[in-house]
Amino acid sequence: MDAAERQTPDPVVAHDIDTLIVGGGPAGLTAAIYLARYHRSVLVVDDGNSRARWIARSHNHAGFPDGIGGEELLERMGEQARRYGAAFATGRVDHIADEDGFFVAHGAGVTIRARTVVLATGVENKRPAMDDAAHADALRRHLLRYCPVCDGYEASGQAIAVLGADSHGVAEALFLRGFSDDICLLAQTSVELDGDDRAALDGAGVAVAASPVAAIDCSGDAVSVTFADGTQRVFDTLYPALGSDSKADLARLLGVDLSEAGCIHVDAKQRTNVAGVYSAGDIVAALDQISVAMGHAAIAATTLHNDLRERDGHTAQS
């Protein structure tokens, strides 16, 4: 499938459907595959910004011993969902509301009425100060990495920088210490470490840069960091540990319960507190992994299907 084919949205008939899925990452696409195979009418609306697209090559996704790129994985999953009848629209859902038993959504050039909604909107990583082209190139060449759980193994033995001198950065640096004995924690603006953090880093042999970062250059074969005091250091790879922003605007519009960090609260079956609204993937507070997102989505889709069966009187009455 070439780029032109990928960018052309499927024709969308925006009449009443069983399920609107917002987000076309691993969670949204898994839910689409399951629901389409349950003979549910499904529309996936996706803006093309899944974090999975950033993955140059994943080697910890089961079934791909030689690894697979995020773009290729999403293409395969989208094709699979289409084979079973899922429809797709490219764009954003700008507004959604519960109106007379249907969720009415506007965006992506259509108005959609759906009996249920799956929110698989994900989160967005906070990025270091780099332009888009340089950022994408650094990711492709593995100079920049965002997920030590995913690819810490590939950085084994390397000189690793972790950007973010706060509790989140400390946790990430300590985690990466299991892969390399050359870890340095960098501050983007200031070092915000308490005595316990300092002691943990010292005990693990993790260095802390004395001066904040002034510039990051990934144009060469390594990551060159210039510090505010004028000194420089070169690293093999850099992990930004700056946190992330949840894409929870639609959840807020629907009155879905959120954590302090903006993640969606769900029950054991991926139901939110709003009847008919389910959630899966990184927007749910859990380990941010493709496999976890797929598991969430399988549960959410099956629960949704069975809830509709019960609503329609297609289950045994107890």
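Preceding block: the structure.
Residues numbered from 1 in each chain as written. Predicted model: local features only at pLDDT ≥ 70, side-chain atom pairs only at ≥ 80, totals over all residues. Heavy atoms only, no water.

Chemist: Got a minute to help me understand the packing of aromatic side chains in this structure?
Modeler: The geometry of an aromatic ring pair is captured by two quantities: the separation of the ring centres and the angle between the planes. Applying the stated rule across the entire model yields 3 aromatic pairs. Ring centres 5.9 Å apart and planes at 55 degrees place the aromatic pair Phe 175 and Phe 179 in the tilted group. Judged by its relative accessible area of 24%, Phe 179 falls in the partly exposed class. Directly above the ring of Phe 88 sits Arg 82, whose terminal nitrogen or CZ lies 4.1 Å from the centroid. (Phe/Tyr/Trp six-rings, centres within 6.5 Å; stacked < 30°, edge-to-face > 60°. Buried < 20%, exposed > 50% of the residue type's maximum accessible area, 1.4 Å probe, protein only. Lys NZ or Arg CZ within 6 Å of the ring centre and 35° of its normal.)

Chemist: Please clarify how the state of the cysteines should be interpreted in this entry.
Modeler: What we call a disulfide is simply a covalent bond connecting the sulfur atoms of a pair of cysteines. According to the stated counting rule, one finds 1 disulfide in the structure shown. Paired by a disulfide, Cys 147 and Cys 150 hold their sulfur atoms 2.2 Å apart. Across the S-S bond of Cys 147 and Cys 150 the torsion is about 70 degrees, and the bridge reads as right-handed. Cys 150 sits in the partly exposed class, given a relative accessible area of 22%. Its sulfur unpaired, Cys 218 is 15 Å from the next cysteine sulfur, which belongs to Cys 184. For Cys 218, a relative accessible area of 7% gives the class buried. Here Cys 263 is not cross-linked by a disulfide; its sulfur's nearest cysteine counterpart is in Cys 147, at 15 Å. (Disulfide = S-S within 2.5 Å.)

Chemist: So what exactly am I meant to see when it comes to the packing of helix α6 (residues 167-176) against helix α7 (residues 195-204) here?
Modeler: Relative placement of two packed helices is described by the angle separating their axes and the distance separating the axes. Relative orientation of the contacting elements α6 and α7 amounts to 15 degrees, with a least axis distance of 11 Å. Looking at the two axes, α6 sits roughly parallel to α7. Relative to α7, α6 is oriented so that their crossing is left-handed. In this structure, α6 uses Ser 167, Val 170, Ala 173 and Leu 174 to contact α7, whose residues at the interface are Asp 197, Ala 200, Leu 201 and Ala 204. Grouping the amino acids of the contact of α6 with α7 by side-chain chemistry returns 6 nonpolar, 1 polar and 1 charged. (Axes fitted to C-alpha atoms, helices over the stretch in contact; angles between N-to-C directions. Helix = DSSP H or I, 4+ residues; strand = E, 2+ residues; numbered from the N terminus. Parallel < 35°, antiparallel > 145°, perpendicular 65-115°, else oblique. Left-handed = near helix turned anticlockwise from the far one by under 90°. Contact = heavy atoms within 4.5 Å. Nonpolar A, V, L, I, M, F, W, Y, C, P; charged D, E, K, R; others polar.)

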